[in-house]
Amino acid sequence: MTTLVSRQSARIGNMIRLLLSALCAVAIGHAGGWEIGYVDESIGGNYSSLQIDKYGNAHVSYAEESENVLQYSFWDHNLQKWFTTTLDRATGFCSLVLDSKQHPHISYPQYGKLRYAYWDGSTWRKQTIPVPAKNITFYTSISLDANDDPSISYYEVAAASGIELLRLRVVTWNRSFWEVRTVDSDNGSGKFNSLAIDSAGRPHVAYANVTYQNSSLRYARWNGKAWNNEILEGAGVPGTYRQAVTLILDKHDVPHIAYSDVLDRIVKYATQFDGKWRIEAVEPVGAIAYPDRNGLALDEHDTPYISYYDGKSGVLKIAYRKEQKWLTEVVDRGFVGFTSSLQIHDGTIWLTYSGGPGGGLKFARRRL
């Protein structure tokens, strides 16, 4: 009975928020061109992972923490309407990608196990991936190769024996079985991880090590036989934590990484020029929210756009580069914007993000 009442209260609260967001969208639309609203029937908005398909439809997965519910929402471009379904239980960060048929694939942790769900065109198929681990939690990240075969990076807290390891691993479906590889066995590696597969079908992972002694931003790529690992920032400087890591590869397989420097309270961006890493400060924030995830996307000219949340002022912002400078703008206020996800499609920038405590999933969009 308590659960029923709480769900009814949540639905009433969502109806009120939808009305308020409609008014908010009008006000913000006059100011900065943003259309803002709540996703219909969403009961939680954390850890959102957004993709826009080639038809202009939006796909997003996200979680509601108090009941550990995983939801998936679909924006129908033709009907101009959101459709939402509850998929499963989730206890950490989900990640969503689209295959060649524009069908969604989602990875997520569930009570220490690694779960995988995908839409086959008529129904959702879900499974627990048989990796030898006792406790998997926090970030997961999924990517597909040219054959739509998935790879998933995950943070293994404890091995099957129960021994605490805190290491980064990647599991790949090789069309016969799930194949597991350890990316980085240094204690604390991979709590914040983001995976991408290049045009040759080889995985790349950007991630943070979160132990005091090893704290750093790291990058690894599979060369076909072994992982090549690099420390991009923090080597030899204990206690300089990085979080909210997001990686994408551009059309030339050049990596782009957005992340947050916790000690200095700065959102940062890293990429390669002529094979060498360059790291830039994007903007200081009042506080790095925990455990956040920044959004990152490239426009048709490979200009980076980064979404991030200031945990002190409760403001969601985006930043983008123009003439070698970072320009910023406010998207939303009122302590909404945690764990944002960002996409650019057909000249429109999209964001999904948490609507705050007790809120659902919010979205914002505007023309570039």
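Every chain's residues receive numbers from 1 upward, in the order its sequence appears when written. Thresholds applied to this predicted model are a pLDDT of at least 70 for local features of residues and 80 or more for the giving and counting of side-chain atom pairs; totals over whole chains, interfaces and linings are not thresholded and use all residues. By convention in this description, side-chain values take in all heavy atoms of the structure and omit both hydrogens and water.

Turning our eyes to something else, we now look at unusual backbone geometry. Residue Y290 is joined to P291 through a cis peptide bond whose omega torsion reads -5°. Position of P291 relative to the elements: it lies in the loop between β21 (276–284) and β22 (295–298). Unusually for a residue other than glycine, Y111 sits at a positive phi of about 50°. Helix and strand definitions here come from DSSP, where helices need a minimum of 4 consecutive H or I residues and strands a minimum of 2 consecutive E residues; each element is numbered from the N-terminal end. Tracing the sequence through the fold places Y111 in the loop between β7 (104–110) and β8 (113–119). Given the relative accessible area of 51%, Y111 is considered exposed. Backbone geometry places E323, a non-glycine residue, at a positive phi of 55°. You can see E323 is positioned in the loop between β24 (315–322) and β25 (325–332). Burial here depends on accessible area, computed with a 1.4 Å probe over protein chains only, as a share of the maximum for the residue type. Under 20% is buried, over 50% is exposed, and the range in between is partly exposed.

Our focus in this paragraph is the sheet that holds strand β15 (residues 203–209). Pairing between strands is defined by DSSP: at least two bridges between the two strands are required. Within the open sheet, the 4 strands sit side by side as β14-β15-β16-β17. Their pairing is antiparallel. A single partner strand is all that each edge strand has here, and the edge strands are β14 (189–197) and β17 (227–233). Neighbour to neighbour, the strand axes of the sheet diverge by 20° on average, direction disregarded. Across 6 bridges, the pairing between β15 and strand β16 (residues 216–222) is antiparallel. Residue Y207 lies in a different strand from β16, and its bridge partner there is R218. In this description, a line fitted to the C-alpha atoms serves as the axis of each element, helices being fitted only across the stretch in contact, and the angle between N-to-C directions of two axes falls anywhere from 0 to 180 degrees.

With that settled, the discussion passes to the pairing of β7. Most of β7 is tucked away, with 7 of its 7 residues classed as buried. Taken together, the 4 bridges between strand β6 (residues 95–98) and β7 define a ladder with antiparallel strand orientation. Note on β7: the bridge partner recorded for L98 is P104. Between β6 and the antiparallel strand that follows it, β7, lie 5 residues; Q102 among them carries a positive phi value of about 70°.

With that out of the way, let us pick up the layout of surface pockets. Definitions used for this entry: grid spacing 1 Å over protein atoms alone; cavity, a set of points where a 1.4 Å probe fits but cannot get out; pocket, an open set with protein on both sides within 12 Å along at least 5 of 7 lines; lining residue, one with an atom within 4 Å of a point. Grid points are joined across faces, edges and corners, and a volume is the space filled by probe spheres set on the points. Reported here for the largest pocket is a volume of approximately 1,200 Å³. Along the walls of the largest pocket sit 45 residues, with Q51, V97, I248, L249 and Q343 positioned nearest its centre. Among the residues making up the lining of the largest pocket, the classes are represented as 19 nonpolar, 19 polar and 7 charged. In the scheme used here, Gly and all other residues not listed as nonpolar or charged are polar, with Ala, Val, Leu, Ile, Met, Phe, Trp, Tyr, Cys and Pro taken as nonpolar and Asp, Glu, Lys and Arg as charged.

Here we come to the sheet that holds strand β12 (residues 164–173). Taken in spatial order, the 4 strands line up as β10-β11-β12-β13 in an open sheet, and their pairing is antiparallel. Bordering the open sheet on either side are β10 (133–144) and β13 (178–184), each of which pairs with just one other strand. If you compare each strand with its neighbour and ignore which way they point, the axes differ by 30° on average. In terms of strand pairing, strand β11 (residues 150–159) meets β12 through 7 bridges, oriented antiparallel. Within β12, the residue paired with E156 across the bridge is R167.

Take N193: it is sitting in strand β14. A 3.5 Å cut-off defines polar contacts: any pair of N or O atoms within that distance qualifies, except that in protein one atom must be a possible hydrogen donor and the other a possible acceptor, and neighbouring residues in sequence count only when both atoms are side-chain atoms. Within the structure, the side chain of N193 is placed 2.8 Å from the backbone oxygen of G190, a separation counted as a polar contact. When checking whether two residues touch, look at their non-hydrogen atoms; a contact exists if any pair is within 4.5 Å. Among residues more than four places away in sequence, those in contact with N193 are Y139, T140, S141, S153, Y154, Y155, L168, V205, A206, Y207 and V245.

Turning next to the pattern of salt bridges. The rule for a salt bridge is simple: a side-chain nitrogen of Lys or Arg has to be within 4 Å of a carboxyl oxygen of Asp or Glu. Counted by the stated rule, this structure contains 17 salt bridges. Ionic pairing is found between D186 and R218, a salt bridge with its closest N-O pair at 2.9 Å. Residue D186 is located in the loop between β13 and β14, and its partner R218 is located in strand β16; the two are separated by 32 residues in the primary sequence. Classification of R218 as buried rests on a relative accessible area of 5%. Between K268 and D261 there is a salt bridge, and its shortest N-O distance comes to 2.9 Å. The exposure class of K268 is buried, given its relative accessible area of 10%. Judged by relative accessible area, D261 falls into the buried class, the value being 2%.

Interpretation note: all reported values are geometric properties and have no functional meaning in isolation.
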